[in-house]
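# Remarks on the overall topology
Given next are the chains, with one letter for each unit.
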Amino acid sequence: MVDTKFQSDWKIHIENLCVRFGSKEVIKNTSASFSQNKINSIIGPSGSGKTTLLRAINRLNDIEENCYTSGKLFIKLEDKWHNILSNYSSPVYLRRKIGMVFQHPNPLPTTIKRNITLALKIITGLSRSEREERLINSLQQVHLWDEVKDRLKKPALILSGGQQQRLCLARTLALEPEIILLDEPTSSLDFKASKRIEQLLLELKQKYTLIVVSHSLRQTRRISDKVYVLSNGKIAQELSSIQIHDDQMFYKVAEDFF
Amino acid sequence: MKRTQTIENFLFLYCWSCGIFLITVVACLIGFLLYKSMPNIGLKLIFGDVHWYKALIGKQIVFDGIWPAMVGTFFLIILSTVISIPLGISAGIYLSEYCPANLKAMFSFFIDLLAGIPSIVMGLFGFSLVLLIHKFITPAANTCLIVSALSLAFLVLPYLIKTTQIALSSIPKESQLIGPSLGFSKLDDLWHIRLPQSTKNILSGIILSIGRCAEDTAVIMLTGVVAIGGISDSIFSKYEALPFYIFYIAAEYTSAEELARGYGASLILLTITGTLFFVSYMIRKRLEKRW
């Protein structure tokens, strides 16, 4: 693959992407590029296609029976560009390299430890000691280790919402992805728990490329390096970090699109 | 506002009394059975005049006890669940996970149709099968334990298919996305994440089908059960079973004592199914813990 058309700091490049469910077109001929080691936020009114766009990146829309995706979607994984919509691309490989955190915390109804080690065991084939190491590392990365180290064998569902969400993030991080997709990760959390996640995201961008769908404009301003405004299935505007912090500019976007 | 409140109160009272009614009926049934059968419960009811140890090791044949019928029922349940569980669960998984949408409706229709077949008709199918084998394959074919087990397995198959299908598809949407989003293959997702989450509901289906296999009389009447035949020596011989024994006693008892033995047999049948339910419950607990 000729890599010249891609800028060196890009991680994801979308060209004329269309996604439709049955006859309903949700993403309409959209193009954009997301930079690596940045927090790229996608905002937009309800029903504008934010989640669909996010799930197009790890081809999670494909599990819906009536979903059709067309266009081009290039992702740089292990320093090589992959056209992930080509027939040769494996969604399983892709999803191992692209972690995802959902709107509502969704730990498995099993122990805290098994939530993280199950995927490691099945996907990576690591030895027990290596799995333990990854378990500790990932929990430390999300600052959950001190809170749960004495009760790793307890059910994950006894944790608070914020802790569960951090556990889900740790589960993703343990697989050492390159990109993390977050679909309104703080929408079901209280103020304090949301702040913790925000802080975490700012730390994580040093190592990972983050794409965050957010419902909160304030939060988006606090954490984003770049903002993509989605309207009616199309990226209608892109805001650089300078524009995000320009009050006048940002309020105009809010008024125009929300 | 006041009207809504009254309706709500009425509904509450109605639902509450329905619950109480159900519990009372079950309690009355068990109480009645206990009252009628208690005086007869004992080793004599089960083993007759034969010493229990000799009967257990098969040294002496029991003629006037229900031991052969208990053994027959036990093997019938085990055989038919061994046949139906793998088939039913696999079909449920296929329908929920792999079946194309356009075929799904057709399969569901046939499964509903199968669920609607009366057990006596299912027994007739078993009987016809034996006739066919008798005519075209071997004249030695006769109704027997395996034919009954097969017919019963087909009788309970729709329960197993439906409960598995519903258990898998009723997992919340966000939980269904966990496996794929972590990069699990479809099979790994099914095996390690979704099936363990569905165990509880699938086992409910299994329990239901065990109950059905234990109690059904119509199917076995046409496919190999006999009133007196002793313990069958293979799956190709005739056998005794508790529900048929109870039916036979109820229809043709000649003395009060014989009738009382029928009640005793009913209680034993209830105990056997109760024990099997309990075992399934323990397996479920174990599986949940293991996961």
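Residues numbered from 1 in each chain as written. Chains lettered and ligands numbered in written order. Predicted model: local features only at pLDDT ≥ 70, side-chain atom pairs only at ≥ 80, totals over all residues. Heavy atoms only, no water.

Here the focus is helix α4 (residues 128-141) of chain A. An α-helical turn contains 3.6 residues, so any two residues separated by three or four positions project in the same direction. Residues and elements named next belong to chain A. Its 14 residues give α4 an end-to-end C-alpha distance of 20 Å, which sits within 8% of 20 Å, the value for a rise of 1.5 Å per residue. Taken together, the buried positions of α4 are Arg-131, Arg-134, Leu-135, Ser-138 and Leu-139. Viewed along the axis of α4, the buried residues span an arc of 125°, placing them on a single side of the element. Along α4, exposed side chains directed more than 90 degrees from the buried face belong to Ser-129 and Glu-133. Looking at the buried side of α4, the elements it contacts are α3 (112-124), α5 (145-148) and α6 (161-174). (Helix = DSSP H or I, 4+ residues; strand = E, 2+ residues; numbered from the N terminus. Expected span 1.5 Å × (residues − 1). Buried < 20%, exposed > 50% of the residue type's maximum accessible area, 1.4 Å probe, protein only. Arc of directions from axis to C-beta. Contact = heavy atoms within 4.5 Å.)

Moving on, we get to the side chain of Glu-97 of chain B. In this structure, Glu-97 of chain B sits in helix α4 (residues 67-98). Excluding residues that lie within four positions of it along the chain, Glu-97 of chain B makes contacts with Leu-168, Lys-186, Leu-190 and Arg-194 of chain B.

Backbone-to-backbone hydrogen bonds join strands into a sheet, with any given pair of strands oriented parallel or antiparallel. All names here are of chain A. Taken together, six strands build an open sheet; the order of strands is β6-β7-β8-β3-β9-β10 and the sheet is mixed. The outermost strands of the open sheet, each flanked by one partner alone, are β6 (98-101) and β10 (234-239). Pairs of neighbouring strands in the sheet enclose a mean axial angle of 20°, with direction left out of account. Bridge count between strand β3 (residues 39-43) and strand β8 (residues 209-213): four bridges; the pairing is parallel. When the bridges of β8 are listed, Ile-42 appears paired with Val-213. Helix-sheet contacts for α6 involve β6 and β7 (179-183), and the interaxial angle to β6 is about 170°. Sheet contacts for helix α10 (residues 247-257): β9 (226-231) and β10; angle to β10, the most-contacted strand, approximately 165°. (Pairing = 2+ DSSP bridges. Axes fitted to C-alpha atoms, helices over the stretch in contact; angles between N-to-C directions.)

Let's shift gears to empty space enclosed by the protein. By the definition in use, this model includes one cavity of 30 Å³ or more. Empty space within the largest cavity amounts to approximately 40 Å³. Lining the largest cavity are Arg-95, Arg-96, Ile-98, Gly-99, Met-100, Thr-172, Leu-175 and Pro-177 of chain A together with Ser-181 and Leu-182 of chain B. When residues of the lining of the largest cavity are traced back to their parent elements, those giving at least two are α2 (91-97) and β6 of chain A together with α9 (178-182) of chain B. Looking at the lining of the largest cavity element by element, the count peaks at three residues for β6 of chain A. Across the lining of the largest cavity, the residue classes break down as five nonpolar, three polar and two charged. (1 Å grid on protein atoms, 1.4 Å probe; cavity = no way out; pocket = protein on both sides within 12 Å on 5 of 7 lines; lining within 4 Å. Points joined across faces, edges and corners; volume = space filled by probe spheres on them. Nonpolar A, V, L, I, M, F, W, Y, C, P; charged D, E, K, R; others polar.)

Attention now moves to the sheet that holds strand β2 (residues 24-35) of chain A. Residues and elements named next belong to chain A. Across the sheet, which stays open at both edges, the four strands sit in the order β2-β1-β4-β5 with antiparallel pairing between neighbours. Of all strands in the sheet, those bounded by a partner on one side alone are β2 and β5 (80-83). Between one strand axis and the next, the sheet turns through 5° on average, direction left out of account. Packing against the sheet, helix α1 (residues 50-57) makes contact with β1 (10-21), β2 and β4 (67-77), and its axis sits at approximately 120° to β1.

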